[in-house]
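Chain and residue survey
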Amino acid sequence: MLHFSKLMAATFAFGSLMIGVAGAQTVLRSADTHPDGYPTVEAVKYLGELIKERTAGRYSVEVYHSAQLGEEKDTIEQTQTGVIDLNRVSMGPFNGIVPETAVPSLPYMFRSVEHMRHVMDGPIGDEILKAFETHDLVGLAFYDSGARSFYNTKKDITSIADLKGMKFRVIQSDVFVDMVNALGANATPMAYGEVYSALETGVIDGAENNWPSFESAKHYEVAKHYTVDQHQIVPEVLVMSKSSWDRLTPEDQAIVKQAAKDSVVKMRELWDAQEKKSREIVEKAGVKVSEIDKKPLIDAMKPVYDKYLKTPELKDLATRIQATK
Ligand code: GTR
């Protein structure tokens, strides 16, 4: 018996070695702007494990974190042309490419993170994922990004009037630019990787983001005032290059799609824990957290809604999102 199992073990070892040597192994390259350990990075690594397991090692995923493959706008182009296989990006930089993504990116479109999850997990989410296809991309899943709020190097912001004239960096998206301008502040669209030094040198007064980004990008070291205005609950999106997708068999496409969905559960666990941890870190480091009455900010968004909900289709999409419980 003992000899037999030893023989079996040796055979299996030899077998897997053969697969390693002779079997076609494809490594899918995935981009992320965040550092190693960030919930999105870890979720895509987990997705890679699922894919590897479910394709018996024929496919695996290598996550190039910390913007190793470039800033988000560039990586989106590279994903469209097939240079990058997978990309985890905020929906923001897609606003000018996939018009449907502008709707969930609108300020105060979602009432809460739970509302966002219900919408993105349902048929509306599927519809938005599908909208990527005409842009050389395949939408695989949505991840969480909490709520975005303003932070700055100058002062506590406790009312809409305090925002007046302040210069805030935003994601390279017109929705974000229009939002900040509608609040009486000045928007400076800029790549994420440039924000730290722009804050430090005073090129901008502030920026806006969720707790984990504010903390992991170290912006809190220079911007000591954070206002919980929660103006946007913008989902993250995981996309695949259409050309990489087309190289997969229908069976492998189904595996990738399911693995992406499965990774959402993991992502949310990691996200919820990270939000708490990041907030604690920045508060301990002396960041002053202010509350604000959101009503005047919500009211100021009327022209922004009018601008981005021009077609009946986009208007209808917004109505259906708002009607979702
Ligand atoms: C983060 C998001 C990143 C990036 C960044 C930014 O919340 O996860 O993908 O878009 O914001 O502000 O550029």
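Residues numbered from 1 in each chain as written. Predicted model: local features only at pLDDT ≥ 70, side-chain atom pairs only at ≥ 80, totals over all residues. Heavy atoms only, no water.

1. Comments concerning the packing of helix H2 (residues 39–54) against helix H12 (residues 250–284)
Two numbers describe how H2 lies on H12: the axes approach to 8 Å, and their chain directions differ by 145°. Judged by the sense of rotation from one axis to the other, the crossing of H2 with H12 is right-handed. Along its contact with H2, which presents Pro39, Thr40, Glu42, Ala43, Tyr46, Leu47, Leu50, Ile51 and Arg54, the element H12 presents Ile255, Val256, Gln258, Ala259, Ala260, Asp262, Ser263, Lys266, Met267, Leu270, Trp271 and Gln274. Considered class by class, the residues forming the contact of H2 with H12 number 13 nonpolar, four polar and four charged. (Axes fitted to C-alpha atoms, helices over the stretch in contact; angles between N-to-C directions. Helix = DSSP H or I, 4+ residues; strand = E, 2+ residues; numbered from the N terminus. Left-handed = near helix turned anticlockwise from the far one by under 90°. Contact = heavy atoms within 4.5 Å. Nonpolar A, V, L, I, M, F, W, Y, C, P; charged D, E, K, R; others polar.)

2. Structural notes on the site of the ligand
Taken together, 14 residues sit near the ligand, with His34, Glu72, Arg169, Asn209 and Glu236 positioned nearest. At 2.4 Å from an oxygen atom of the ligand is found a side-chain nitrogen or oxygen belonging to glutamate 72. One nitrogen or oxygen atom from the main chain of serine 90 is found 3.5 Å from an oxygen atom belonging to the ligand. When the free accessible area of the ligand is taken as 320 Å², the share hidden by the protein chains comes to 99%. Taken together, the residues that form the shell around the ligand break down as two nonpolar, seven polar and five charged. The residue makeup of the shell around the ligand includes at least three contributed by each of domain 1 (2–144 + 235–276) and domain 2 (148–233 + 285–323). (Near = heavy atom within 4 Å. Polar contact = N/O pair within 3.5 Å; in protein donor to acceptor, adjacent residues only side chain to side chain. Areas by Shrake-Rupley, 256 points an atom, 1.4 Å probe, with all protein chains shown as cover. Domains from an automatic or database assignment.)

3. Re the sheet that holds strand S3 (residues 86–90)
Sheet strands pair by backbone hydrogen bonding; their relative direction is either parallel or antiparallel. In space, the five strands of this open sheet follow the order S2-S1-S3-S10-S4, with mixed pairing throughout. Two strands close off the open sheet at either side, each with one partner strand: strand S2 (59–64) and strand S4 (137–143). Going from strand to strand, the sheet's axes swing by 25° on average, the running direction of each strand aside. Packing against the sheet, helix H3 (residues 72–80) makes contact with strand S1 (26–31), S3, S4 and strand S10 (236–241), and its axis sits at approximately 145° to S3. (Pairing = 2+ DSSP bridges.)

4. Details of unusual backbone geometry
Residue alanine 56 is not a glycine yet carries a positive backbone phi of 50°. When its relative accessible area of 60% is taken as the criterion, alanine 56 is described as exposed. (Buried < 20%, exposed > 50% of the residue type's maximum accessible area, 1.4 Å probe, protein only.)

5. Overview of the environment of threonine 134
Locating threonine 134 in the fold gives a position in the loop between helix H6 (123–130) and S4. In the structure, threonine 134 is positioned 108 residues away from lysine 242 in sequence and 9.3 Å away in space, judged by C-alpha atoms. A distance of 3.5 Å separates polar atoms of two side chains, one belonging to threonine 134 and the other to histidine 135.

6. Overview of the domain arrangement of the protein chain
Domain annotation of the protein chain identifies domain 1 (2–144 + 235–276) and domain 2 (148–233 + 285–323). Computed over C-alpha atoms, the centres of domain 1 and domain 2 are 27 Å apart. Contact residues are listed per partner, giving 33 residues for domain 1 and 34 residues for domain 2. The junction of domain 1 with domain 2 conceals about 2900 Å² of combined surface from both sides, 68% of it contributed by carbon and sulfur atoms. Contact with domain 2 buries area across many residues of domain 1, yet Leu106, Pro107 and Tyr108 alone supply 26% of it, more than any other trio. Put simply, domain 1 and domain 2 have one salt bridge between them. Among the ionic pairs, glutamate 127 bridges to arginine 320, the shortest N-O distance being 2.8 Å. Connecting domain 1 to domain 2 are 12 residue pairs in polar contact (both at pLDDT 80 or more). (Buried area = accessible area lost by both parts, 1.4 Å probe. Salt bridge = Lys/Arg side-chain N within 4 Å of Asp/Glu carboxyl O.)

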